[in-house]
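Each chain, written out:
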Amino acid sequence: MGINYLYPPFEIIRNQDRCIACRVCERQCANLVHHYDEESGRMKADESLCVNCHRCVSLCPTRALKIVKTDHTFKENANWKTEVIEDIYRQAQSGGVLLASMGTPKDYPVYWDKMLINASQVTNPSIDPLREPMETRTYLGKKSSKISRDADGRIITSTSGQLKLDIPIMFSAMSYGSISYNAHKSLAMAASELGTFYNTGEGGLHKDFYQYGKNTIVQVASGRFGVHPEYLNAGAAIEIKMGQGAKPGIGGHLPGSKIGEDISATRMIPLHADA
Ligand code: SF4
Ligand code: SF4
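Residues numbered from 1 in each chain as written. Chains lettered and ligands numbered in written order. Predicted model: local features only at pLDDT ≥ 70, side-chain atom pairs only at ≥ 80, totals over all residues. Heavy atoms only, no water.

J.: Requested: an account of the pairing of strand β1 (residues 10–14), with residues and values cited.
T.: Burial analysis of β1 places 4 of its 5 residues in the buried class, the great majority of the element. Sheet topology note: the β1/strand β4 (residues 65–69) ladder contains 5 bridges and is antiparallel. Along β4, the bridge assignment pairs Glu11 with Val68. (Buried < 20%, exposed > 50% of the residue type's maximum accessible area, 1.4 Å probe, protein only. Helix = DSSP H or I, 4+ residues; strand = E, 2+ residues; numbered from the N terminus. Pairing = 2+ DSSP bridges.)

J.: So what's going on with the site of ligand 1? Which residues, and what values?
T.: The environment of ligand 1 is made up of 13 residues, and the closest members are Cys19, Cys22, Arg23, Cys25 and Cys60. When the residues that make up the shell around ligand 1 are grouped by side-chain class, the tally is 10 nonpolar, 1 polar and 2 charged. (Near = heavy atom within 4 Å. Nonpolar A, V, L, I, M, F, W, Y, C, P; charged D, E, K, R; others polar.)

J.: Could you give an account of the sheet that holds strand β9 (residues 237–240), naming the residues involved and the relevant values?
T.: On the basis of which strands lie adjacent, the open sheet formed by 3 strands has the order β7-β8-β9 and parallel pairing. In this open sheet, the two edge strands, each paired with only one partner strand, are β7 (198–199) and β9. Pairing analysis gives 2 bridges linking β7 to strand β8 (residues 216–220), with the strands arranged parallel. Within β8, the residue paired with Asn199 across the bridge is Ile217.

J.: Please give an account of the side chain of Ser175 that cites residues and values.
T.: Along the chain, Ser175 falls in the loop between β6 (163–165) and α5 (181–194). Using a relative accessible area of 9% as the deciding quantity, one classes Ser175 as buried. Apart from the residues lying within four places of it in its own chain, the contact partners of Ser175 are His184, Thr200, Gly201, Glu202, Gly203 and Arg267. (Contact = heavy atoms within 4.5 Å.)

J.: Run through the side chain of Ser264, naming residues and quoting values.
T.: The topology assignment puts Ser264 in helix α7 (residues 261–267). Those residues in contact with Ser264, other than ones at most four positions away along the chain, are Ile259, Ile269, Pro270 and Leu271.

J.: Mind laying out the pattern of salt bridges, listing which residues take part and the relevant values?
T.: Two side chains with opposite charge may pair up if their charged atoms get near one another. Inspection of every chain in the model, using the stated rule, returns 7 salt bridges. Notably, a salt bridge pairs Arg23 with Glu26, separated by 2.6 Å at the nearest N-O pair. Exposure remark for Arg23: the relative accessible area of 30% places this residue in the partly exposed category. A network of salt bridges, in which partner residues are shared, links Asp150, Asp152 and Arg154. (Salt bridge = Lys/Arg side-chain N within 4 Å of Asp/Glu carboxyl O.)

J.: Outline the domain arrangement of the protein chain, supporting the account with residue identities and numerical values.
T.: Domain boundaries assigned for the protein chain yield domain 1 (10–94) and domain 2 (169–267). In this structure, domain 1 and domain 2 have C-alpha centres spaced 42 Å apart. (Domains from an automatic or database assignment.)

J.: Explain the nonpolar core to me, using residue names and the numbers behind them.
T.: The nonpolar side chains of a soluble globular protein tend to be buried with one another. The biggest cluster of nonpolar side chains holds 13 residues, and the ones touching the most others in it are Ile12, Cys56, Leu65 and Ile67. Broken down by secondary-structure element, the contributors of at least two residues to this core are β1, α2 (55–59) and β4. Aside from chain neighbours lying at most four places away, what touches Ile12 is Val33, His34, Ala45, Glu47, Cys50, Leu65, Lys66 and Ile67. Core analysis: the next-biggest nonpolar cluster, separate from the first, contains 12 residues, Ala191, Val218, Val220 and Ala234 among them. (Core = buried A, V, L, I, M, F, W, Y, C linked by side-chain atoms within 4.5 Å.)

J.: With reference to specific residues and values, describe the packing of aromatic side chains.
T.: Each aromatic ring pair is summarised here by two numbers: the centre-to-centre distance and the angle between the ring planes. Here the structure, examined in full by the defined rule, presents 4 aromatic pairs. One aromatic cluster in this structure is built from Tyr5, Phe74 and Tyr89. (Phe/Tyr/Trp six-rings, centres within 6.5 Å; stacked < 30°, edge-to-face > 60°.)

J.: Could you give an account of helix α3 (residues 82–94), with specific residues and numbers?
T.: The end-to-end C-alpha separation of α3 is 18 Å, in line with the 18 Å expected for 13 residues at 1.5 Å each. The complete set of buried residues in α3 reads Thr82, Ile85 and Glu86. Take α3 and look down its axis: the buried residues cluster within an arc of 100°, on one side only. In this structure, α3 carries Ala92 and Ser94 as exposed residues pointing more than 90 degrees from its buried face. Gly95 sits one or two positions beyond α3 and adopts a positive phi of about 70°. (Expected span 1.5 Å × (residues − 1). Arc of directions from axis to C-beta.)

This is the structure we're talking about:
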């Protein structure tokens, strides 16, 4: 076995004055962390197996246990923090890509709490927003660069191909496959409810979501996953993707283990094949 540079993230603190060696923790821990040492007559623990679920802590009858985060650290500098060094060791050891589902494990701000809609940027700013309703409707699309008139001299005010958004916010593209069926459905339903748009990303559009077409932007990218005439006509607009946006792991790679029957059919790619 090779050297393991990763120190267990959690440490088990057992107050030996309180511990009555009842072995409840041993029986209750699904990860086999605790065991009774016959020789010393004391409980011992293998901390590397602990996932900090707190089951033993809450079931210990004498409150003898607590779990703390380790303060073990590497030799850091401005670029190489302990977290980064640990990630590299973890990735080298596992040979895999470090992925976190649903959100990020990093300490990034929650943008929804910081979002400010500037009244000067919206269509019809109210003088006193506390008393007057404020219109947040906004339009995306080509505008005339000059005033044109018809044969009778009337100003032509109609424009073509614009998207109307009731709120100045759209959902950015995340493909079906990179996110689940339910996540896509949630975005489609939310976009419909809010009067805005969600975006299929580069993964085609599941047949179940065609009903949300007027709130859908269908994406076409280099992989052309799920692109066919019906798809191109199913949304309110087509987005042509020029490059990959933010994504964890290894960019737009979708492992074959995620390509089930539904995703395979929607993307028009072979079942269980990496994409
Ligand atoms: S459950 Fe508490 S008292 Fe019982 S053996 Fe474990 S630490 Fe000791
Ligand atoms: S916190 Fe959970 S995983 Fe860790 S030792 Fe207790 S029961 Fe086991």
